[in-house]
Amino acid sequence: MKALIPAAGLGTRFLPATKAQPKEMLLVVDRPAIQYVVEEGLASAADEVVIINSREKKAIEEHFSPNPELVATLRARGKDRYADLVEKVGAYNVSYVYQDEALGLGHAVRCAAEKTGDEPFYVLLGDVLVPDNKMLPRMQEVSDAHGGASVIAVMPVPDDQVSRFGVIAGAAVADDVWKVDALVEKPALEDAPSNLAVFGRYLLSPRVMELLADVQPGVGGEIQLTDALDAVLREEEMYALVIDPADGFDTGTVESWLETNNILFRRLSER
């Protein structure tokens, strides 16, 4: 089972900071944002993390590659703690596929089709951090309880933000689980079937990857993952795990990235 992390985007909202440095490599407290996401994937049922990368973002690959020269230098200077950290990150089970054209999230996921084969797979959006690493195992529990169904994470959002997100229609089957009937992209508040917004963590059945091969470009000429999820709903059940907003952090804008840094720094300081 693989955990896929799409990371080929331009990071436009962070320019000029992302002109020479991938957005995913921006620091969040004590490590690059993408390291949180890789560690979350490796803490789940996945046996490998697959980063869907741009060929220009070599810094991401260098970060997760062994660097014995640096480790030796740090140890020679008595900096064993830092040497251990560098060694640990360089040993993570991470591989890469490439998205050579920016054709949307669905296209990025499809680029990893050979990696996932006929197995279920996770998709972890790199803009979202889940530092306690508990969300994916809970999603796996929900999937297992419902015959291997796809599971998406959703989060309640205020009324004034509903129109910014994809939201689900359906009904609760447990305190933190809904059965999904439909996905509605950025509805007006009066048209929204719920206030539960899709959160950027997915556990998807192999059928979703098959359906992505047939999805046609939609808004902006991009291949949307949501379109494949709509299609799989006509064939298979899907469930949603309702998460606490305190369990996940958005880093997709400068403001939310700064807020995430502040919250996680305070948490680290209080330990």
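See above for the structure.
Below or above, wherever it landed, is the structure these notes cover. Note that the structure is a prediction, hence the values are computed from the model and not measured.

## Quick look at the overall build of the chain
From N to C terminus, the chain includes 10 helices and 13 strands. On C-alpha atoms alone, the chain measures out to a radius of gyration of 19 Å, which is about the 18 Å that the 2.2 N^0.38 rule sets for 271 residues. Summarising its shape, the C-alpha atoms of the chain cover approximately 60 × 40 × 40 Å along the three principal directions. Burial analysis of the chain (271 residues in total) assigns 46% to the buried set. For the chain, the computed accessible surface area is about 13500 Å², with 50% contributed by carbon and sulfur atoms. Computed over 26 positive and 44 negative side-chain charges, the inter-centroid distance for the chain is 7 Å.

## Here's the deal with the pairing of strand 4 (residues 48-53)
For strand 4, the tally of buried residues reaches six of six residues, placing the bulk of the element in the interior. Burial along strand 4 is two-sided: the residues Glu 48, Val 50 and Ile 52 and Val 49, Ile 51 and Asn 53 are all buried. Pairing between strand 1 (residues 2-7) and strand 4: six bridges, direction parallel. Bridge pairing in strand 4 places Leu 4 opposite Val 50. Sheet topology places strand 4 next to strand 5 (residues 94-98); five bridges connect them, and they run parallel.

## Topic: the packing of aromatic side chains
Counted by the stated rule, this structure contains two aromatic pairs. Between Phe 14 and Trp 257 the ring centres are 6.3 Å apart and the planes differ by 90 degrees, which places this aromatic pair in the edge-to-face class. Taken together, the residues span a long stretch of sequence, with Phe 14 in the loop between strand 1 and strand 2 (27-28) and Trp 257 in helix 10 (residues 254-270) at a distance of 243 residues. According to the relative accessible area criterion, Phe 14 is buried, its value standing at 6%. Centroid distance Phe 64 to Tyr 92: 6.4 Å. Interplanar angle 40 degrees. Geometry classified as tilted. A residue pair is termed long-range when its members are at least 10 positions apart, and Phe 64 in the loop between helix 2 (58-63) and helix 3 (68-76) and Tyr 92 in the loop between helix 4 (80-90) and strand 5 qualify at 28 residues. A single burial state applies to Phe 64 and to Tyr 92, both of which are buried. We note Arg 31 situated over the ring of Tyr 36; from NZ or CZ to the ring centre the distance is 4.4 Å. Above the ring of Tyr 82, the side-chain terminus of Arg 81 is found at 4.7 Å from the ring centroid.

## Some details on the pattern of salt bridges
For the structure shown, the criterion picks out 16 salt bridges. The closest approach of N and O atoms between Arg 75 and Glu 87, which form a salt bridge, is 2.8 Å. Of the two residues, Arg 75 sits in helix 3 while Glu 87 sits in helix 4, which places them 12 residues apart along the sequence. On the accessibility criterion, Arg 75 (31% relative accessible area) is partly exposed. Exposure remark for Glu 87: the relative accessible area of 43% places this residue in the partly exposed category. Among the ionic contacts, a cluster of salt bridges with common partners joins Lys 2, Asp 47, Glu 48 and Lys 115.

## Description of helix 1 (residues 33-42)
The periodicity of an α-helix, 3.6 residues per turn, causes residues three or four positions apart to be oriented the same way. Counted residue by residue, helix 1 has nine buried out of 10 residues, so it is predominantly covered. All of the buried residues in helix 1 are Ala 33, Ile 34, Gln 35, Tyr 36, Val 37, Val 38, Glu 39, Glu 40 and Gly 41.

Criteria and thresholds
Residues numbered from 1 in each chain as written. Predicted model: local features only at pLDDT ≥ 70, side-chain atom pairs only at ≥ 80, totals over all residues. Heavy atoms only, no water. Helix = DSSP H or I, 4+ residues; strand = E, 2+ residues; numbered from the N terminus. Rg over C-alpha atoms; globule rule 2.2 N^0.38 Å. Buried < 20%, exposed > 50% of the residue type's maximum accessible area, 1.4 Å probe, protein only. Areas by Shrake-Rupley, 256 points an atom, 1.4 Å probe, with all protein chains shown as cover. Lys, Arg positive; Asp, Glu negative; His and termini not counted. Charge placed at Lys NZ, Arg CZ, Asp CG, Glu CD. Pairing = 2+ DSSP bridges. Phe/Tyr/Trp six-rings, centres within 6.5 Å; stacked < 30°, edge-to-face > 60°. Lys NZ or Arg CZ within 6 Å of the ring centre and 35° of its normal. Salt bridge = Lys/Arg side-chain N within 4 Å of Asp/Glu carboxyl O.

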